[in-house]
Amino acid sequence: MATLFISDLHLEPQKPAIVQAFVQFATEKTQHIDALYILGDFFEAWIGDDFENAFADALKNTLKSISSRGVPVFFMHGNRDFLIGELFAEQTGCTLLPDPTIIDLYGTPTLLMHGDTLCTDDIAYQQFRTMVRNPNWQQELLSKSIAERLAIAQNLRDISKEKTSEKTAEIMDVNPDEVLRVMEQYQVQRLIHGHTHRPATHQLIANGLPAQRTVLGDWGSDGWYLKVSKAQTDLLDFVIA
Ligand code: LP5
Ligand code: MN
């Protein structure tokens, strides 16, 4: 048995091949597993659980099809789908996880994060994050009409595209000192996160001991997942047509 980790699928109706790849992943790869962890940015954008359409319904049903087989499905927010709430969790059978969360992964305490909070050199983003994660800001946004929220989300995407095109790759990667700081704060030798779209496993020294940071990949021309069992860890990719 194994535990699977995915993140950064950025699912949206405009990318049906990726949606289809996830549906196939759900059917083929989650049959005999201990758990599925979704570490953020499952959706390209989420404007509130009260926004319903055929696309959202289909993906909720796909998640429900996994959880209703008795497979625990855990969902951590990303910077695109931080408005996923308890209604979504109820409808899909997913359990929402705070960022960060420590799990016992076959005997190894493992820290799970989306990864955006590790990018501490991206000061403009961190300020933006503080604003949008404020419950009062979220309440105010959620009280707006769907049409208004769609327009705001589009506006934020446009601003983000412009800003990220002006930032260096280093600024948008994790800060190595922050990685060490959180691994020391939580006393872990293993960290799994997404967000940066730089799939890799990094060996490092944390708490004075060998440690490992695995970065999940985003889904595009390839899909990525991390498969961990008691004996083995594999960061795997597959071609998306
Ligand atoms: O997402 P990505 O990869 O492009 O870039 C991220 C950071 N950007 C973001 C912003 C999201 O893309 C916006 C999408 C939100 C969709 C859901 C919204 C639902 C809420 C609204 C509807 C109810 O996360 C980017 C990082 C990059 O990762 C790498 O880490 O650099 O950060 C930015 O681009 C932020 C800018 O630097 C600062 C933006 C200031 C914007 C202020 C606008 C205020 C307008 C408020 C309107 C209500
Ligand atoms: Mn992200």
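See the structure shown above.
So, a few notes on the structure that sits alongside this text.

Calculation rules
- By convention here, each chain's residues receive numbers from 1 onward along its written sequence.
- Here every chain gets a letter starting at A, and every ligand a number starting at 1, in the order they are written.
- The model is predicted, so local features are restricted to residues of pLDDT at least 70 and side-chain atom pairs to those at 80 or more, both for listing and for counting; the totals for chains, interfaces and linings are taken over all residues.
- Side-chain measures were taken over the full set of non-hydrogen atoms in the model, leaving aside hydrogen atoms and water.
- Residue proximity to a molecule or strand is established when one non-hydrogen atom of the residue lies within 4 Å of it.
- Calculation of accessible area relied on Shrake-Rupley with a 1.4 Å probe; when residues are assessed, cover is drawn exclusively from the protein chains displayed.
- A run of DSSP states H or I qualifies as a helix once it reaches four residues; a run of E qualifies as a strand once it reaches two. Both are numbered from the N-terminal end.
- Note that water is not among the atoms considered, so a metal site may appear incomplete; the donors listed are N, O and S atoms within 2.8 Å of the metal, with 3.2 Å applied to Na, K and Ca.
- Each residue is placed in one exposure class: buried if its accessible area under a 1.4 Å probe, protein chains only, is under 20% of its type's maximum, exposed if it is over 50%, and partly exposed if it falls in between.
- What counts as an axis is a line fitted to C-alpha atoms, over the stretch in contact for a helix, and the angles between N-to-C directions run from 0 to 180 degrees.
- Here the angle decides the label: under 35 degrees means roughly parallel, over 145 means roughly antiparallel, 65 to 115 means roughly perpendicular, and every other value means oblique.
- Two helices that cross are described as forming a left-handed crossing if the nearer one is turned anticlockwise from the farther one by less than a right angle, and a right-handed crossing if clockwise.
- Note on contacts: a residue pair is in contact if any heavy atoms of the two residues lie within 4.5 Å.
- Any residue that is not Ala, Val, Leu, Ile, Met, Phe, Trp, Tyr, Cys, Pro, Asp, Glu, Lys or Arg is counted as polar, Gly included; the first ten are nonpolar and the last four charged.

## Looking at the site of ligand 1
Here's step 1: Neighbouring ligand 1 are 22 residues, the closest being Asn 79, Arg 80, Asp 122, Lys 167 and His 195.
Here's step 2: Isolated, ligand 1 exposes 1100 Å² of accessible area, and the fraction of that covered by the protein chains is 84%.
Here's step 3: Of all elements in the fold, only α4 (123-132), α5 (135-142) and α6 (146-166) reach the threshold of two or more residues within the shell around ligand 1.
Here's step 4: Looking at the shell around ligand 1, the element that brings in the most residues is α6, giving 8 residues.

## Focus: the coordination of the manganese ion (ligand 2)
Here's step 1: With distances of 2.1 to 2.3 Å, the protein atoms coordinating the manganese ion (ligand 2) are Asp 41 (OD), Asn 79 (OD1), His 114 (NE2) and His 195 (ND1).
Here's step 2: Each donor residue of the manganese ion (ligand 2) belongs to the same chain, with the gaps between them written as D-x37-N-x34-H-x80-H. Linking Asp 41 in the loop between β2 (35-39) and α2 (54-67) with His 114 in the loop between β6 (108-113) and α4, this pair joins segments that are 73 residues apart in sequence. Each member of the pair, Asp 41 as well as His 114, carries the same accessibility label: buried.

## Some words on the packing of helix α1 (residues 16-29) against α2
Here's step 1: Between α1 and α2, the shortest axis-to-axis distance is 10 Å and the interhelical angle comes to 15°. Viewed along their axes, α1 and α2 adopt a mutual orientation that is roughly parallel. Along this stretch, α1 crosses α2, giving a crossing that reads as left-handed. Residue-level inspection shows Val 19, Phe 22, Val 23 and Ala 26 of α1 in contact with α2, the latter providing Phe 55, Leu 59, Thr 62, Leu 63 and Ile 66.
Here's step 2: Grouping the constituent residues of the contact of α1 with α2 by class yields 8 nonpolar, 1 polar and no charged.

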